[in-house]
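What follows is the residue order along each chain.
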Amino acid sequence: MDVLINVFIGLHIIGIASLLGGFLTQMKAMSAGTARFTPAMLHGALTMLVTGVLLVGFREMDGGSVNNVKIGVKLAVLFVILALVYVKRDKEKVEKALFGAVGGLTMINIFIAVLWR
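Presented here is an overview of the structure given in this document.

Analysis parameters
Residues numbered from 1 in each chain as written. Predicted model: local features only at pLDDT ≥ 70, side-chain atom pairs only at ≥ 80, totals over all residues. Heavy atoms only, no water. Core = buried A, V, L, I, M, F, W, Y, C linked by side-chain atoms within 4.5 Å. Buried < 20%, exposed > 50% of the residue type's maximum accessible area, 1.4 Å probe, protein only. Helix = DSSP H or I, 4+ residues; strand = E, 2+ residues; numbered from the N terminus. Contact = heavy atoms within 4.5 Å. 1 Å grid on protein atoms, 1.4 Å probe; cavity = no way out; pocket = protein on both sides within 12 Å on 5 of 7 lines; lining within 4 Å. Points joined across faces, edges and corners; volume = space filled by probe spheres on them. Nonpolar A, V, L, I, M, F, W, Y, C, P; charged D, E, K, R; others polar. Axes fitted to C-alpha atoms, helices over the stretch in contact; angles between N-to-C directions. Left-handed = near helix turned anticlockwise from the far one by under 90°.

## Some points on the nonpolar core
The tendency in soluble globular proteins is for nonpolar side chains to be buried side by side. By size, the foremost hydrophobic cluster in this structure holds 21 residues, and its most contacted members are Leu19, Phe37, Met41, Ile81, Phe99 and Val102. Those elements giving two or more residues to this core turn out to be α1 (2-24), α3 (39-61), α4 (68-87) and α5 (96-115). The contact partners of Ile81, leaving out residues within four places of it in the chain, are Leu19, Ala45, Val102, Leu105 and Thr106.

What follows is the structure, given as structure tokens:
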């Protein structure tokens, strides 16, 4: 079970990298007002959702405990990210504040995962 959990942690990190990487590569476009949500950002957020839910299930099946409040907060933040990216995915340009909010929420989700014990 440990190998399976570690594989899905790796996939979860790849999802985070895709979402955050898509944001970081468009920072210059954001300052010019021409940033847009890329398919990689949507797919990264969906990967985070699927692997995160599976990780919680695997952890509980393995007999480990999960901080349900932390997972709930992370899930709520991820749902906001997913909603913003999904709704605006076909737009040619996304407002600076909205694009920055997705990047900020992504970083908040990372810090929740790392710092909340």
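Okay, back to it.
## Things to note about the layout of surface pockets
The gaps of empty space that remain are located by a probe, the size of a water molecule, rolled over the atoms. Roughly 680 Å³ of internal volume is contained in the largest pocket. As for the largest pocket, its lining consists of 24 residues, and the residues nearest its centre are His12, Leu55, Lys70, Ile71 and Lys74. Contributing elements (two or more residues each) for the lining of the largest pocket: α1, α3, α4 and α5. No other element matches the 7 residues that α3 contributes to the lining of the largest pocket. In terms of residue class, the lining of the largest pocket is made up of 15 nonpolar, 5 polar and 4 charged.

## Let's talk about the packing of α1 against α5
At a closest axis distance of 10 Å, the pairing of α1 and α5 adopts a crossing angle of 145°. Along this stretch, α1 crosses α5, giving a crossing that reads as left-handed. For the pair formed by α1 and α5, the contact residues are Ile16, Leu19, Leu20, Gly22 and Phe23 on the first element and Phe99, Gly100, Val102, Gly103, Thr106, Met107 and Ile110 on the second. Taken together, the residues of the contact of α1 with α5 break down into 8 nonpolar, 4 polar and no charged.

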